[in-house]
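# A closer look at the structure
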Amino acid sequence: MMAVASSATAAVNPRSGTQLPLRLIVRISVIAFMAVVIQESAISQVSIFGVNADITPLVVMSVGLLCGSMAGAITGFAVGLLVDLSLVQTLGVTSLLYIVIGYWSGRLLELRDPAHGLVPVALGAAATAVSGGGMALIQFLLGVDAPVSLLLVQQILLTVLVNTLIALPVYELVRRVLQRALPRDPRRRVRRAYTTGVLSPLHRPSERLGGTRRTSR
Amino acid sequence: MHDKQVRRRRAVLGLLVGASLILLTAYFGESPTSPLHAVQRGIVAVLAPIQQGASTVLAPVRNAAGWVSDTLNAKSQLARMRSQNARLYRELAQYQGAAIQNRQLSQLIRLDRTNNIANYNPVAADVIGKDSSLWYQQIEVDRGSADGVRLGDPVIGEQGLVGKVSTVVGGVSFVTLLTDPSFAVGAEVLSGASTYAGVLVPQAGNPSSLLLTGLNPQAQISQGQEVVTSGFMDASNPAVRSLYPPGIPIGTVSNQNTQDSLANNQQVQVQPFVDLGSLSVVQILTRPTPTTQRAQVGAG
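Residues numbered from 1 in each chain as written. Chains lettered and ligands numbered in written order. Predicted model: local features only at pLDDT ≥ 70, side-chain atom pairs only at ≥ 80, totals over all residues.

## Quick look at helix H2 (residues 35–57) of chain B
All names here are of chain B. Taking 1.5 Å of rise per residue, 23 residues should cover 33 Å, and H2 covers 33 Å from first to last C-alpha, within 8% of that figure. Of all the bends in H2, the greatest, near 35 degrees, is centred on Leu47, and the proline Pro49 appears no more than four residues after it. Along H2, the residues classified as buried are Gln40, Val44, Leu47, Ala48, Gln51 and Ser55. (Helix = DSSP H or I, 4+ residues; strand = E, 2+ residues; numbered from the N terminus. Expected span 1.5 Å × (residues − 1). Bend = angle between axes of the 7 residues up to and from the residue. Buried ≥ 20, exposed ≤ 12 C-beta atoms within 10 Å, placed from the backbone.)

The following block contains the structure:
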């Protein structure tokens, strides 16, 4: 009975194989919704260097970097869908791009567990570049009549620059909101074991030993 | 255990990507009256009050950020504004004389283009949202079908044409800006006593510039001349008329005499009057009334 209740209120965390707590899911949902509303109501109406900042890819990147690839991909899909729905855009375009951003941010956490404080800045720039460039590519594929102009490239680069500047505050804000609901504090870096692939289960002895307790004979 | 996780992760990823592609394909092939679009409009109607509230609450933050941004831009604009101010003073003296003459002539031929705007039942609307991507040039305003707004209604700002209504939901509407790739409007260049008519379209890939195409190759057009909506009305059937009132300012000619290689027509670049990046209030011209009149101006 308890297992049924648990599966109904939690999702699997791909990082550790444990269940994502319900409060973490709720907090991610609130962050995603608020990000879209604030983006459309305020941030998109403020022009910086002639372009608008876009916090939605940064929020998706932050969730991926804090919670793992599966949570990142699902958040990316949800945020993208909400953006497309609320702005009456072609459904699925933004979702597709944000899935990529969320998933690969999460994979970076799972494979490398980056500890440097400027990782969110670099990843924010990459996420915005993927968002801008990917949107251009999909629009071209869908047949929108717009040539590749220098101005278009310039606008994408300026957006990347502006988003890079705000990536760290956005990440910190998301981290603070999710911090208490996360299974572990993301600031405490897990010591990397001797491995070339995913993080070795050596730092989780119980898993290495198949969940059995060692007993002395 | 690890393989199971990998399989699960790949399955979820495939599911999400598949769902996105299905949505994209279904939405792209559907008409605006299809179920998917209806669902989208329903969700917009649900989200609209939240956005309106958020827009009101976040207005001080938005204004403060806008002020900082404007201050940063102000220095670079100062020199340009000074020279523009001097030019405007000179032009003002000329226009004051012309205005007196124009008023008298207008009364004679019963042409009052400014009153045309009032005849189109303008509805003032606040901008409550904006699309920040380069690909969808649109804004969201707090007036909808409940206020008499309909699809295709022209939208104007303080300085001129802004765009047209592209989506209407109960209390909100989406306005496609005149820089959106899907926008086009009949326009004419005011060149002294002559006017040259063409079709105004956005310059693809450059959201700050427009292109007036289909102009007579012999048209004498020079930089700085004003571009306004041309409008039209079939004299034999007054019901057949342009949605856009004539004479709404759009912008000025910023670059002339580029040749349309396909149609052998002249086309000119137009710099819009309205700063589409900082719109806060617009007017939606909800319905042309039967009293709306159009002067028959011959294209040059």
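## Structural notes on the pairing of strand E12 (residues 281–285) of chain B
Residues and elements named next belong to chain B. For E12, a buried count of four out of five residues is recorded, marking the element as mostly surrounded by other parts of the structure. Here strand E1 (residues 122–130) pairs with E12 via five bridges, running antiparallel. Residue pairing for E12: Asp126 is matched across the bridge by Val281. Bridge count between strand E3 (residues 154–156) and E12: two bridges; the pairing is antiparallel. Directly across from Ile156, in E12, lies its bridge partner Gln283. (Pairing = 2+ DSSP bridges.)

## So, the environment of Ala78 of chain A
All names here are of chain A. Inspection of the secondary structure puts Ala78 in helix H4 (residues 69–86). You can call Ala78 buried: it has 22 C-beta atoms within 10 Å. With 18 residues separating them in the primary sequence, Ala78 and Val60 have C-alpha atoms 9.5 Å apart.

## Regarding the interface of chain B and chain A
By a widely used convention, the size of an interface equals the accessible area lost when the partners come together. Facing 46 residues of chain B, the contacting portion of chain A comprises 45 residues. At the level of secondary structure, the elements contributing two or more residues to the side of chain B that touches chain A comprise helix H1 (2–29), H2, helix H3 (59–109) and E1 of chain B. Here the side of chain B that touches chain A gets 13 residues from one element, more than from any other, and that element is H1 of chain B. Class assignment for the residues of the side of chain B that touches chain A results in 26 nonpolar, 15 polar and five charged. (Contact = placed C-beta atoms within 7 Å. Nonpolar A, V, L, I, M, F, W, Y, C, P; charged D, E, K, R; others polar.)

## Remarks on the pairing of strand E5 (residues 172–177) of chain B
Consecutive side chains along a regular strand alternate between the two faces of the sheet. Residue and element names in this part refer to chain B. Taking burial as the measure, the six residues of E5 include six buried ones, the bulk of the element. Pairing between strand E2 (residues 138–141) and E5: four bridges, direction antiparallel. From the neighbouring strand, Glu140 faces E5, where its bridge partner is Phe174. Sheet topology note: the strand E4 (residues 161–169)/E5 ladder contains six bridges and is antiparallel.

## Some remarks on the nonpolar core
Formed by 107 residues in total, the largest nonpolar core has its most connected members in Ala32, Val59 and Val79 of chain A together with Val162, Val175, Leu212 and Val282 of chain B. The element best represented in this core is H4 of chain A, accounting for eleven residues. (Core = buried A, V, L, I, M, F, W, Y, C linked by C-beta atoms within 7 Å.)

## Re the sheet that holds E1 of chain B
Residues and elements named next belong to chain B. Around the barrel, six strands lie side by side as E1-E2-E5-E4-E3-E12; this closed barrel has antiparallel pairing. Across the sheet, the mean angle separating the axes of adjacent strands is 45 degrees when strand polarity is ignored. Each of E1, E2, E4 and E5 is contacted by H2, which is oriented at about 90 degrees to E1, the strand it contacts most. (Axes fitted to C-alpha atoms, helices over the stretch in contact; angles between N-to-C directions.)

## Side note on the environment of Gly247 of chain B
Residue and element names in this part refer to chain B. Here Gly247 lies in the loop between strand E9 (226–229) and strand E10 (249–260). Residue class for Gly247 comes out buried when judged on the 20 C-beta atoms lying within 10 Å of it. Expressed as a C-alpha distance, the spacing of Gly247 and Gly231, which sit 16 residues apart in the sequence, is 7.7 Å.

## Examining the environment of Ala197 of chain B
All names here are of chain B. With respect to the helices and strands, the residue Ala197 is situated in strand E7 (residues 194–202). Since 19 C-beta atoms lie within 10 Å of it, Ala197 is described here as partly exposed. Considered as a pair, Ala197 and Ala219 are 22 residues apart in the sequence and their alpha carbons are 9.6 Å apart.

## As for H4 of chain A
Residues and elements named next belong to chain A. Taking 1.5 Å of rise per residue, the 18 residues of H4 would be expected to cover 26 Å, and the 25 Å separating its terminal C-alpha atoms lies within 8% of that figure. Of all 18 residues in H4, 18 are buried, a share of seventy percent or more. Of the residues trailing H4, Val88 is marked for its positive phi of about 50 degrees.

## Quick word on the packing of helix H3 (residues 55–67) of chain A against helix H7 (residues 150–179) of chain A
All names here are of chain A. As a packed pair, H3 and H7 sit with axes 9 Å apart at the nearest point and diverge in direction by 50 degrees. Judged by the inter-axis angle, H3 sits oblique to H7. Handedness of the crossing formed by H3 with H7: right-handed. Within the contact between the two elements, H3 uses Ile55, Leu58, Val59, Ser62, Val63 and Leu66 and H7 uses Asn163, Ile166, Ala167, Val170, Tyr171, Val174, Arg175 and Leu178. Partitioned by chemical class, the residues of the contact of H3 with H7 number eleven nonpolar, two polar and one charged. (Parallel < 35°, antiparallel > 145°, perpendicular 65-115°, else oblique. Left-handed = near helix turned anticlockwise from the far one by under 90°.)

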